[in-house]
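Below are the chains, spelled out letter by letter.
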Amino acid sequence: MTPSPPDGDFSTLFNFLPIGAYRSSADGHMIRANQALVALNGYASEADLLEGVKDIAIEWYVEAARRAEFKQQLERDGFVRGFVSEIYRHKTRERVWISENAHAVRDAAGVLLYYEGTVEDITERIRSQKALRESEEKLRLITSQVPGMVFSVFVKPDGQREYHYVGPGVRDIYGFEPEDLMRDPLLASRYRHPDDQAILEQDMQDIQKGPVDLGGEFRIVLPDGNVKWVYRRSYAVTVGPEGTHRVGVLLDITARKQAEAALHANEALWKLALESAGDGVWDWNLVTGEEFFSIGIKRMFGYEDSDIENLSAEFDSRTHPDDVPQMRADRAAHFEGRAAVYRNEHRIRCKDGSWKWVLSRGMVISRDEDGRPLRMVGTHTDVTEHKLAEAQQRALEMQLRESQKMEAIGTLAGGVAHDFNNLLAAILGNLVLAREDVGEGHTAQESLTEINRAAIRARQLVQQILTFSRRQTQEMVRQPLTPLVEEALGLLRSLLPAGIKLVARLPGRSLPVLADATQMQQVLMNLCTNAWQAMDGQAGDITVALRPVSLDASKALQLGGVPSGAYACLSVADNGPGMDEDTQRRIFEPFFTTKAPGAGTGLGLAVVHGIVKAHRGAIEIQSRPGEGARFDVYLPLAPDAAPDDTPSRPAPSTPPPATAPGKHVIYIDDYEALVFLVGRLLRKQGYRASTFESGEAALDWLRAHPQEPVDLVVTDQNMPGLSGVEVAHLAHALRPGLRVAIVSGHVNDKLLAEAAEAGVHEVLGKQDSMDALGEAIRKLLEQPST
């Protein structure tokens, strides 16, 4: 059935309306609908709509209860205006938002005939309101992290204001709540300083002229009379006939203004304070790529204001290529919300071509409705000195680790060498006795000779290990270094292979040092030997130089923490193949070598390291592959002493006559083979010998034989249980005046002092042979008693 037109002359208007219009019965059935309402519900014609809609209450409203509320208002008031509901497009079931207006039509008797009304699709408006609320919530979250008062205000053409948002920072500036300003938009203007009211009036005039960015400073007067300085910056977001929507921020700059006022009397001090702040500020428009750089940023890198355009690409293009990937990754992390703030350290090329490290920090302060960043502000801080200090600290830590490693290796090597030395002493001593036992013509003499030769080579290797571990006995004498170097160079010239040129650069002065002459010449020999061997048969130059240097605290720290002061620097440089960093890190390790198997022991430079450390010096290497190598040995110069630096040499003495046999010697050592050997040697030389493998056993014997005469006690220092010094203490308690000698492979100042305190007659270094030990014992017995 074709629907009948509405009564009266408004039927054409009914269908012409751009919004939906309808007539429905009291029980919710649709009677008439105009074309706009038909389209709103997804139908092609009014007939289709009337045919499809059965009950508005349950078919149209998303929430059926809304229909009951609608009818309740309509029955109570006779009309409804602006009733907002969410409905279904009847045919497509798509959800949309509508605003309804309706009234009841009754006859003359007051009987309800039907309802008439209009329906307006306001979906876009509702979505915009929702987006606005979400945006305001984002703004609230962001501004809660920003100092000062952030605000959003709508300014009408007549100057009236309506605040949409006021940040919590208003409390710190004005002392009232955000809600107070939103209720009374003129509240803040009443706090303006009388002398600054003209600024407010000018701002309103500028706003009425069109979109304008406002910035500036003004004063406010609080109820208690205190005056504050405020910085304001605001931007026009939207402009229309109804007014302008603006956003901005107010910052309390009272402290800064007070500081400026205090510094104003002294312009030089004021400028110095601003320049010493150190940070430069940037403000980046992420949409256009424009970026404001403060003068401080440009000057930080040596540029004038006109040298750099205000574009982000300017400094991005000057960023070190190695730092760009991490810089972009850190920016992306902040843009995507994975990092609360942007923080990155990178290098920027200065105008003079050098590089500076900067710490860049910033934060996005504006995003679009999809969360894309629009604007970001931040600072640059010059951290070049800090980065250089960090690099130096890492180098020093690595140097400390290397030093500790070398100390540990030295301790291990020295311990092994000490024990091995005892074994060799027993082997060599028994060899001497065996050769005497079998006689000169015995067929075993040839084999014993070869055993002796191999043992001597082993002992030389042990001496190198002991030198590396700084356990070899040293004769530290104040003497000029230059003659020692000249003497070693004379020997070297006869040893160097053809094609190797030796260049000496020695000073005229003597450069006195406290040193062991033999060991210092060994240092130079080992370094030069290492240099020519590194050339692998090729021609080349070896340059030996000696010069005085002064080490400051920084350089001394780099060299392993030696004391600062005056040093002699002995350098050995070659133009050979050089070394990479991995080789340099291990070059002083014992048994490390880059030579072919069998071509070297790997102890030459390890011994150099040990000798230099024992002389309280330092050694440094400088090398690159293909550029040769240079070793610098630093030895502390000796303090001023006698004018003559040449060490005195004792006059040769006439050997004393042989000692009468029969004297009683007690020998103590924890090494069983050595105890047996020394006892046999002493008895063979005519002495009475009592040997023990511990200090405790020897002391027990002394207690048990108080009347037995003893002429000399010879004891090893390093033994399990009682040490040699402790044995001396206890022996003197049992027999005051008893002559005690200590033998040690590591004679140092500490041991000498402890031995003297214990009343030890003599401290002997480990002897090279049994003959040498026998001779030392004979001399001790021949010395007169004190």
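Being a predicted model, the structure only gives us computed values, none of them experimental.

K.L.:
Which parts of the structure should I look at to understand the overall build of the protein chain?
P.N.:
When helices and strands are counted, the protein chain shows 26 helices and 27 strands. Within the protein chain, the proportion of its 786 residues that are buried is 41%. Sequence-distant contacts in the protein chain: of pairs separated by 6 or more residues, those separated by 24 or more amount to 58%. Carbon and sulfur atoms provide 53% of the accessible area of the protein chain, an area that totals close to 42,400 Å².

K.L.:
Explain the sheet that holds strand β25 (residues 712-716) here, please?
P.N.:
Note: strands within a sheet are paired through backbone hydrogen bonds, in either parallel or antiparallel orientation. With respect to topology, 5 strands assemble into an open sheet ordered β24-β23-β25-β26-β27, the strand pairing being parallel. Looking at strand neighbours, the two that pair on one side only are β24 (688-692) and β27 (762-765), the edges of this open sheet. With strand direction ignored, the average angle separating the axes of adjacent strands in the sheet is 20 degrees. Here 5 bridges tie strand β23 (residues 664-668) to β24, and the two strands are oriented parallel to one another. What sits directly across from Val665, in β24, is Ala689.

K.L.:
What is the right way to look at empty space enclosed by the protein in this model?
P.N.:
Over the atoms rolls a probe the size of a water molecule, and its path tells where empty space is left. Tallied over the entire structure, the rule returns 6 cavities of 30 Å³ or more. Here the largest cavity defines a volume of roughly 300 Å³. In terms of lining residues, the largest cavity is bounded by 20 residues, among which Phe151, Arg161, Tyr163, Arg192 and Arg232 are the most central. Secondary structure elements with two or more residues in the lining of the largest cavity: β6 (149-155), β7 (161-166), α9 (197-209), β8 (214-221), β9 (227-240) and β10 (243-252). The residue inventory of the lining of the largest cavity, partitioned by class, reads 13 nonpolar, 2 polar and 5 charged. Quantified by volume, the second largest cavity comes out at close to 120 Å³. Every residue lining the second largest cavity is counted, 15 residues in all, and those nearest its centre are Glu291, Asp316, Arg331, Ser360 and His380.

K.L.:
What is the right way to read the sheet that holds strand β2 (residues 30-33) from this model?
P.N.:
On the basis of which strands lie adjacent, the open sheet formed by 5 strands has the order β2-β1-β5-β4-β3 and antiparallel pairing. Two strands bound the open sheet, and with one partner strand each, they are β2 and β3 (79-88). Taking each pair of neighbouring strands and ignoring which way they run, the sheet shows an average axis angle of 30 degrees. The pairing of strand β1 (residues 20-24) with β2 spans 3 bridges and is classified as antiparallel. Of the residues in β2, the one forming a bridge with Ser24 is Met30.

K.L.:
Help me understand helix α24 (residues 724-734) in this model?
P.N.:
In an α-helix, one full turn covers 3.6 residues, which means residues spaced three or four apart are oriented alike. Of all the residues in α24, the buried ones are Gly724, Val725, Val727, Ala728, Ala731 and His732. Looking down the long axis of α24, one finds its buried residues gathered within 155 degrees of arc, a one-sided arrangement. Its buried side turned inward, α24 meets β23, α23 (695-704), β25, β26 (740-744) and α25 (749-757).

K.L.:
When you look at the confidence of the model for the protein chain in this model, what are you seeing that I'm missing?
P.N.:
Interpretation of this model should avoid reading the predicted coordinates in detail wherever pLDDT is low. Mean pLDDT over the protein chain works out to 81, with 85% of the residues at or above the 70 mark. Segment residues 267-278: pLDDT under 50, and 7 contacts once partners within four positions in sequence are set aside and those in other chains are kept. Note that pLDDT drops below 50 for residues 596-602; the model gives that stretch 8 contacts with residues more than four away or on any other chain.

K.L.:
Just to check I follow, could you spell out α9 for this structure?
P.N.:
With 13 residues, α9 should reach 18 Å at 1.5 Å per residue; the first-to-last C-alpha distance of 19 Å fits that figure. Here α9 has its buried residues at Leu200, Asp203, Met204 and Ile207. Looking straight down α9, one finds that the buried residues subtend no more than 100 degrees of arc, so they occupy a single side. Those residues of α9 that are exposed and angled more than 90 degrees off the buried face are Ala198, Glu201 and Lys209. Remark: Gly210 follows α9 within two positions and exhibits a positive phi of approximately 145 degrees.

K.L.:
Please clarify how the side chain of Asp203 should be interpreted in this entry.
P.N.:
Summarising the element assignment, Asp203 is placed in helix α9. With sequence-adjacent residues up to four places away left out, Asp203 is seen in contact with Arg192, Leu214 and Arg232.

K.L.:
How should the environment of Leu311 be read in this particular structure?
P.N.:
Relative to the assigned elements, Leu311 resides in the loop between α12 (295-300) and α13 (312-316). Among the residues examined, Leu311 registers a relative accessible area of 33% and is labelled partly exposed. In this structure, the C-alpha to C-alpha distance between Leu311 and Asn285, residues 26 residues apart in sequence, is 9.1 Å. Every residue in contact with Leu311, bar those within four places of it in the chain, is listed here: Gly289, Glu290, Glu291 and Phe293.

K.L.:
Would you take a moment to explain the nonpolar core for this structure?
P.N.:
Within soluble globular proteins, side chains that are nonpolar tend to cluster in buried spots. In this structure, Leu524, Ile542 and Val544 are the most contacted members of the largest nonpolar core, which totals 40 residues. No other element matches the 7 residues that helix α18 (residues 517-534) contributes to this core. Aside from chain neighbours lying at most four places away, what touches Ile542 is Leu496, Ile500, Lys501, Leu502, Val503, Cys528, Ala531, Trp532, Met535, Val572 and Ala573.

K.L.:
How do you make sense of the environment of Pro18 when you look at a structure like this?
P.N.:
Here Pro18 lies in the loop between α1 (11-16) and β1. For the pair Pro18 and Glu120, spaced 102 residues apart in sequence, the C-alpha separation works out to 8.7 Å.

K.L.:
Where do I start with unusual backbone geometry in this structure?
P.N.:
Where the residue is not glycine, phi is negative for most of them; where a peptide bond is considered, it is trans in most cases. One non-glycine residue with positive phi stands out, namely Arg93, at about 65 degrees. With respect to the secondary-structure elements, Arg93 resides in the loop between β3 and β4 (95-106). Given a relative accessible area of 39%, Arg93 falls into the partly exposed group. The phi angle at Arg616 is positive, at roughly 60 degrees, despite the residue not being glycine. Along the chain, Arg616 turns up in the loop between α21 (604-614) and β21 (618-623).

K.L.:
Sorry if this is basic, but what is going on with the pattern of salt bridges here?
P.N.:
Where side chains of opposite charge bring their charged atoms close, a pairing between them can arise. Under the defined criterion, the tally for this structure stands at 36 salt bridges. A salt bridge links Arg190 to Asp184; its shortest N-O distance comes to 2.2 Å. In this structure, Asp307 and Lys351 form a salt bridge, with 3.0 Å as the shortest nitrogen-oxygen distance. Of the two residues, Asp307 is situated in the loop between α12 and α13 and Lys351 in the loop between β13 (342-349) and β14 (355-367); the sequence distance between them amounts to 44 residues. Each of the salt bridges in this network shares a partner with another, and the network as a whole consists of Arg89, Glu94 and Asp121.

Rules and cut-offs
Residues numbered from 1 in each chain as written. Predicted model: local features only at pLDDT ≥ 70, side-chain atom pairs only at ≥ 80, totals over all residues. Heavy atoms only, no water. Helix = DSSP H or I, 4+ residues; strand = E, 2+ residues; numbered from the N terminus. Buried < 20%, exposed > 50% of the residue type's maximum accessible area, 1.4 Å probe, protein only. Contact = heavy atoms within 4.5 Å. Areas by Shrake-Rupley, 256 points an atom, 1.4 Å probe, with all protein chains shown as cover. Pairing = 2+ DSSP bridges. Axes fitted to C-alpha atoms, helices over the stretch in contact; angles between N-to-C directions. 1 Å grid on protein atoms, 1.4 Å probe; cavity = no way out; pocket = protein on both sides within 12 Å on 5 of 7 lines; lining within 4 Å. Points joined across faces, edges and corners; volume = space filled by probe spheres on them. Nonpolar A, V, L, I, M, F, W, Y, C, P; charged D, E, K, R; others polar. Arc of directions from axis to C-beta. pLDDT = per-residue confidence, 0-100. Expected span 1.5 Å × (residues − 1). Core = buried A, V, L, I, M, F, W, Y, C linked by side-chain atoms within 4.5 Å. Salt bridge = Lys/Arg side-chain N within 4 Å of Asp/Glu carboxyl O.

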